[in-house]
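As a plain string of letters, each chain reads:
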Amino acid sequence: GIIAWPFWFRKNPDTPSSTEPHTIDTSAGAAMAEHLESSSRGAGNKRPPFPAHWGNPPDIQTMDYVALPPPYGMGSSTLRSWIKQHIAEDEGATSNNAADASPNDAQSSTSKYPEHWGSPPLRQTRDRRPLPAPFKGFGSGTLVKWIKKNQANDAAGAGAAQ
């Protein structure tokens, strides 16, 4: 396409033709984009269609050019993230068969802390400390303090019940 610029966007105000609009031919840029797109997949190869259950790819994408997961060739990092997200969702759906899971399995998989402790603190510090046993991994100092407090309450309750 051709973009016509108004006269006030002058190349050089001292030239006599500077009051006439000048144009920029964008067909070269479009041709280059098409060339890069086709060369990344091989001559004549089109990108395979995305699975229908993924929906449409993002309308707004970044202007970078990265390798997409196979067999999708090259595209923006936004498109790469979208593809990876849907691939992960598809793999998760095949590994977690919802028909075989009981409702209690879903609750235990969403929280690794005992249900009677309630929810972990929403506001936490940004430090990283190892979690107390039997929990594995790391968390904030606020989370470590909350776990130790609940473990102490559980120990005091178990000692009082005996």
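Residues numbered from 1 in each chain as written. Predicted model: local features only at pLDDT ≥ 70, side-chain atom pairs only at ≥ 80, totals over all residues. Heavy atoms only, no water.

Chemist: Requested: an account of the overall build of the chain, with residues and values cited.
Modeler: Counting secondary structure elements, the chain contains four helices and six strands. When the helices and strands of the chain are placed in sequence order, the string is β-β-α-β-β-α-α-β-β-α. Here the chain holds 162 residues, and 19% of them are scored as buried. Taking contacts inside the chain between residues at least 6 apart in sequence as the whole, the part at least 24 apart equals 28%. (Helix = DSSP H or I, 4+ residues; strand = E, 2+ residues; numbered from the N terminus. Buried < 20%, exposed > 50% of the residue type's maximum accessible area, 1.4 Å probe, protein only. Contact = heavy atoms within 4.5 Å.)

Chemist: An account of the nonpolar core is needed here, citing residue identities and associated values.
Modeler: If you look at the biggest cluster of nonpolar residues, it comprises eight residues: Tyr113, Trp117, Leu131, Phe135, Leu143, Val144, Trp146 and Ile147. Not counting chain neighbours up to four residues away, the residues in contact with Leu131 comprise Lys112, Tyr113, Lys136, Gly137, Phe138, Gly139, Leu143, Val144 and Ile147. Formed by seven residues, the second largest nonpolar core is a distinct cluster that contains Trp54, Tyr72, Leu79 and Ile83. (Core = buried A, V, L, I, M, F, W, Y, C linked by side-chain atoms within 4.5 Å.)

Chemist: Explain the packing of aromatic side chains to me, using residue names and the numbers behind them.
Modeler: All chains considered together, the criterion is met by ten aromatic pairs. By the ring-pair criterion, three or more aromatic residues cluster together here, those being Phe50, Trp54, Tyr72 and Trp82. (Phe/Tyr/Trp six-rings, centres within 6.5 Å; stacked < 30°, edge-to-face > 60°.)

Chemist: Describe the confidence of the model for the chain, with residues and values.
Modeler: When pLDDT is averaged along the chain, the result is 74, and 59% of the positions lie at 70 or above. pLDDT under 50 marks residues 98–110. Its contacts with residues more than four places away, or in other chains, come to one contact. (pLDDT = per-residue confidence, 0-100.)

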